[in-house]
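Summary of structural features
So the chains spell out like this:
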Amino acid sequence: MSPKKNQAVNEFNQQVKPVSLWADAWKRLRKNKMALFGLWLVVAYVAVSLAAPILPLYDFTSQELTHVNLPPSLKPAGEVALGRLQKRMADLKEAGAFREDLKTEAAFVQAEYDKLTVEIATNPVHKRVYILGTDYLGRDMLARTIYGGRISIMIGLVGTITAVFIGIIVGAIAGYVGGRTDNLLMRFVDILYGLPYMLVVIILMSMVPEGTNSIIVLFVAIAALSWLTIARVVRGQIISLKNAEFVEAARSMGASSGRIIFRHLLPNTLGVIVIFATLSLPSFIMNESFLSFLGLGVSAPSASWGTLVSEGVQGMELYPWRLLVPAVAMTAFLFAMNFLGDGLRDALDPQSKNRT
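Below or above, wherever it landed, is the structure these notes cover. This structure is a prediction, so every number in the text was calculated from the model and none was measured.

The next point concerns a nonpolar patch on the surface. The grouping of Phe-290, Phe-293, Leu-294, Val-313 and Met-316 at the surface amounts to a nonpolar patch, some 420 Å² of accessible area in total. Inspection of the secondary structure puts Phe-293 in helix 12 (residues 270–293). Taking relative accessible area as the criterion, Phe-293 reaches 41% and is therefore assigned partly exposed.

What follows concerns the packing of aromatic side chains. Each aromatic ring pair is characterised by the separation of its centres together with the angle its planes make. Taken as a whole and assessed by the stated rule, the structure comprises eight aromatic pairs. Here Phe-60 and Tyr-147 contribute two aromatic rings whose centre-to-centre distance is 4.6 Å and whose plane-to-plane angle is 15°, an arrangement assigned as stacked. In this pair, Phe-60 sits in the loop between helix 2 (33–51) and helix 3 (77–95) while Tyr-147 sits in helix 5 (residues 141–177), placing the two residues 87 residues apart along the sequence. Ring centres of Trp-305 and Phe-333 lie 5.8 Å apart, and the angle between their planes is 55°; this geometry places the pair in the tilted category. Here Phe-333 lies in helix 14 (residues 321–348) and Trp-305 lies in helix 13 (residues 305–313), a separation of 28 residues in the sequence. The burial state of Trp-305 is the same as that of Phe-333; both residues are buried. Here the aromatic cluster, defined as three or more aromatic residues joined through ring pairs, consists of Tyr-45, Trp-305 and Phe-333. It is Arg-128 that lies over the ring of Tyr-58; its NZ or CZ is 4.9 Å from the centre.

Reading guide: rules and limits
- Residues numbered from 1 in each chain as written.
- Predicted model: local features only at pLDDT ≥ 70, side-chain atom pairs only at ≥ 80, totals over all residues.
- Heavy atoms only, no water.
- Patch = residues over 30% accessible without salt bridge, like charges linked within 9 Å, V, L, I, M, F, W, Y side chains within 5 Å.
- Areas by Shrake-Rupley, 256 points an atom, 1.4 Å probe, with all protein chains shown as cover.
- Salt bridge = Lys/Arg side-chain N within 4 Å of Asp/Glu carboxyl O.
- Helix = DSSP H or I, 4+ residues; strand = E, 2+ residues; numbered from the N terminus.
- Buried < 20%, exposed > 50% of the residue type's maximum accessible area, 1.4 Å probe, protein only.
- Phe/Tyr/Trp six-rings, centres within 6.5 Å; stacked < 30°, edge-to-face > 60°.
- Lys NZ or Arg CZ within 6 Å of the ring centre and 35° of its normal.

Note that all results are geometric; they support no functional claim without further evidence.
Next comes the structure, spelled out in structure tokens:
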């Protein structure tokens, strides 16, 4: 059978269906089970984060002091709180049979129990179900973890996009122009590399006056020095490609330097850039979590995974769910991003041993 007109053929005169770079990469990525699992988990996280305002969640800032530090349960919060008061009364009666101070506390707990019993019948707030428990102010841990994930993922995404954008511009110009321009830009990068990154970020965050939007400042602080690595990576890729035949052909046809960089060189480095972005996003989330753990991150009443972990550490011995819920959520997302990054690296690397 003769090949159709304009149909690609191989050396055996057989019809060959052309496959794009991205279709080929997706085909290989699907063979990597861990990377595919990471991809779908990341998609699920992003979907839940975007849909948070329309999900049937309790207000993550709503405080209910009668529901303070309730454990995860499928029962109504009022019943869980009553059960806790009953247990407390039993413990007090057993330990305080001959102590007046404990008898006084037992009477106080009994009064709280009677009051809560009346409120349960009239106040619908006690019908709430906290499947992941509550924090030290009676706020729903499920809602706070989801909204905290929104902020953490947003910070990681904005930081990554900013770092990649600046790094691509600086690295492409330095690699393509070369000479004095390359020398000046790379010496500037070397100077910034010499600065202690996290110390600079901490100083910037500590200088923020009260009342300022800490999330915006956190974006600027994290992205300010995070573009250096991608600038060097892009510069190296551009230097290795700028004398290639397709670039010389574009020059001979009168293409401008900008067109050569953005239409010919950068598309050929896109695989490296995507891999860097995928592996950098978890590091931005970790940096934000570290700053929030130190009290320099997202300010109340907003929360991120870092602030939730910081709050959970303070009571982890008595109320372990306050630490485990945000910690597990953040760890699962970071693992998924790393699995996805490794899979993309193998799928987009032309010399990878996994390209079968």
